[in-house]
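# Fold and geometry: a report
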Amino acid sequence: HAVTAPRAEGPPADGEVRFERRGDVGWVTFDRPAARNAMTFEMYERLAAVAAEADADPSIRALVLTGAGEAFVAGTDISQFKDFTTERHAIEYEERMDAVLGELERVRVPTIAAIRGPAVGGGAAIASACDLRIGSPSARFGVPIARTLGNCLSMSNILRLAHLLGPARVKELIFTARLMDASEMRAAGFLGEVTADEESLLPRAEELARTLASHAPLTLRATKEQLRRIRERMRPEENSDLVLLCYMSRDFREGVRAFMEKRKPEWRGE
């Protein structure tokens, strides 16, 4: 369902994470549809740069994030993990993810994730870092790492998910490695609304962004920053031991190999 929102003012930015301004609304499009918008490390860095650019632009009053083609973001590109061999690789990856998502959360204006198709793994984290989320009927959400790679989330991402869904549902999602569909995402409060069809998603995101852009910007900014600070104070400083437990394991190396070879991994718990 190749849906386009109203035409941008000026040419879109090049690359796999495009940033466009449409009046006082900024649009971020993950544009790697052949890979279901799976994120490379360079794409994460580009997202952080775009978030900083939007935050510094006083003309922008709302920011929408969406994916090209039939996915929001189907996780991190697994090929990025094939060279993980040292503890530093694991720690730096999770630190990079925390920095990118922190940059997105600190954008002073409201951010909206418009989700079509999978928002999985890294895509789930990006959607969770936005202020509001709407989805089309094809939206799917989850963190199936217990089935795929055998890694773990950073403490920041666990806290982010628990803040939105509650600890019990986060455990259930990660333990079972299943994906929530759009109706369940809506019932859980993760999605504010589900559009009637795929074609309605981006026009509705545009309408919602325009509504937010018309409201008192300091009220919106203060509210999101208050909630961000509360959650930030809940985050423990140290969790590298748990990151290394997973990323330096034989199971993680097996998970990456199995994913690349399109077979089921053989877990050993070591």
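Residues numbered from 1 in each chain as written. Predicted model: local features only at pLDDT ≥ 70, side-chain atom pairs only at ≥ 80, totals over all residues. Heavy atoms only, no water.

### Here we look at the overall build of the protein chain
For clarity, the threshold we go by: To qualify as a helix, a DSSP run of H or I must reach at least 4 residues; to qualify as a strand, a run of E must reach at least 2; elements of each kind are numbered from the N terminus. Note on classification: 1.4 Å probe, protein chains only; a residue is buried when its accessible area is under 20% of the maximum for its type, exposed when over 50%, partly exposed between these limits. In this analysis, two residues are considered to be in contact whenever any of their non-hydrogen atoms come within 4.5 Å of each other.
Of regular secondary structure, the protein chain possesses 10 helices and 10 strands. Considered along the principal axes of its C-alpha atoms, the protein chain spans approximately 55 × 40 × 35 Å. In the protein chain, buried positions account for 52% of the 270 residues. The contacts in the protein chain between residues at least 6 apart in sequence include a share of 71% that link residues at least 24 apart.

### Things to note about the sheet that holds strand S6 (residues 118-120)
Under the convention used in this document: Whether two strands pair comes down to DSSP finding at least two bridges between them.
Ordered in space as S4-S6-S8-S9, the four strands form an open sheet in which the pairing is mixed. Because the sheet does not close on itself, it has two edges, and the strands there are strand S4 (73-74) and strand S9 (180-181). In terms of strand pairing, strand S8 (residues 140-142) meets S9 through two bridges, oriented antiparallel. Bridge pairing links arginine 140 to aspartate 181 in S9.

### So, the pairing of strand S2 (residues 25-30)
Formally: Here a crossover is taken to be right-handed if, once the strands point away from the viewer, the path from the first strand over the helix to the second is traced clockwise.
Judged by how many residues are buried, S2 sits mostly within the fold: six of six residues are covered. Of the strand pairs in this sheet, strand S1 (residues 17-22) and S2 are connected by six bridges, and their pairing is antiparallel. Its bridge partner being in S2, arginine 18 is matched across the sheet by threonine 29. Two elements, S2 and strand S3 (residues 62-67), share six bridges in a ladder whose sense is parallel. Along S3, the bridge assignment pairs glycine 26 with leucine 63. You can see the chain leave S2, run along helix H1 (residues 41-56) and come back into S3, and the turn it takes is right-handed.

### Considering a nonpolar patch on the surface
Selection criterion: Exposure above 30% relative accessible area and the lack of any salt bridge qualify a residue for a patch; like charges then connect within 9 Å, and the nonpolar side chains Val, Leu, Ile, Met, Phe, Trp and Tyr within 5 Å. To measure how exposed things are, a 1.4 Å probe is used in the Shrake-Rupley method; for residues, cover is taken only from the protein chains shown. The term salt bridge refers to a side-chain nitrogen of Lys or Arg lying within 4 Å of a carboxyl oxygen of Asp or Glu.
Where nonpolar side chains cluster on the molecular surface, the patch consists of Leu227, Ile230 and Met234 and spans about 300 Å² of accessible area. By the secondary structure assignment, leucine 227 is in helix H8 (residues 217-233). For leucine 227, a relative accessible area of 47% gives the class partly exposed.

### Let's talk about the state of the cysteines
The following threshold applies: Two cysteine sulfurs form a disulfide in these notes if their separation is within 2.5 Å.
Evaluated as defined, the whole model comprises zero disulfides. Free cysteine: cysteine 152, not disulfide-bonded; nearest cysteine sulfur from cysteine 246 at 3.9 Å. For cysteine 152, a relative accessible area of 14% puts it in the buried group.

### Observations regarding the sheet that holds S3
Defined as follows: Here an angle of 0 to 180 degrees is reported between the N-to-C directions of two axes, which are lines fitted to C-alpha atoms, with helices fitted over the stretch in contact.
The sheet built from six strands is open, its strands ordered S1-S2-S3-S5-S7-S10 with mixed pairing. On the outer flanks of this sheet lie S1 and strand S10 (193-194), each paired with one strand and no other. Lying over the sheet, helix H7 (residues 201-213) contacts S1, S2, S3, strand S5 (111-115), strand S7 (132-135) and S10, oriented at roughly 170 degrees with respect to S5.

### Describing the packing of aromatic side chains
Short version of the rule: When two rings of Phe, Tyr or Trp (its six-membered ring) have centres within 6.5 Å they constitute a pair, described as stacked for plane angles under 30 degrees, edge-to-face for angles over 60, and tilted for the intermediate range. Only lysine NZ and arginine CZ atoms are considered, and such an atom sits over a ring when it is within 6 Å of the ring centre and within 35 degrees of the ring normal.
Summed over all chains, the structure comprises 13 aromatic pairs. Relative to phenylalanine 72, the ring of phenylalanine 30 has its centre 5.7 Å away and its plane inclined at 80 degrees; by these criteria the two rings are edge-to-face. In this pair, phenylalanine 30 sits in strand S2 while phenylalanine 72 sits in the loop between S3 and S4, placing the two residues 42 residues apart along the sequence. Of the two residues examined, phenylalanine 30 and phenylalanine 72, each falls in the buried class. Judged by centre distance (5.7 Å) and plane angle (40 degrees), the rings of phenylalanine 41 and tyrosine 93 are tilted. With phenylalanine 41 in helix H1 and tyrosine 93 in helix H2 (residues 87-105), this residue pair connects regions lying 52 residues apart in the sequence. Among the residues examined, tyrosine 93 registers a relative accessible area of 7% and is labelled buried. Pairwise contacts between aromatic rings join Phe41, Phe81, Phe84, Tyr93, Tyr247 and Phe252 into one cluster. A cation sits over an aromatic face here: arginine 22 above tryptophan 27, 4.3 Å from the ring centre.

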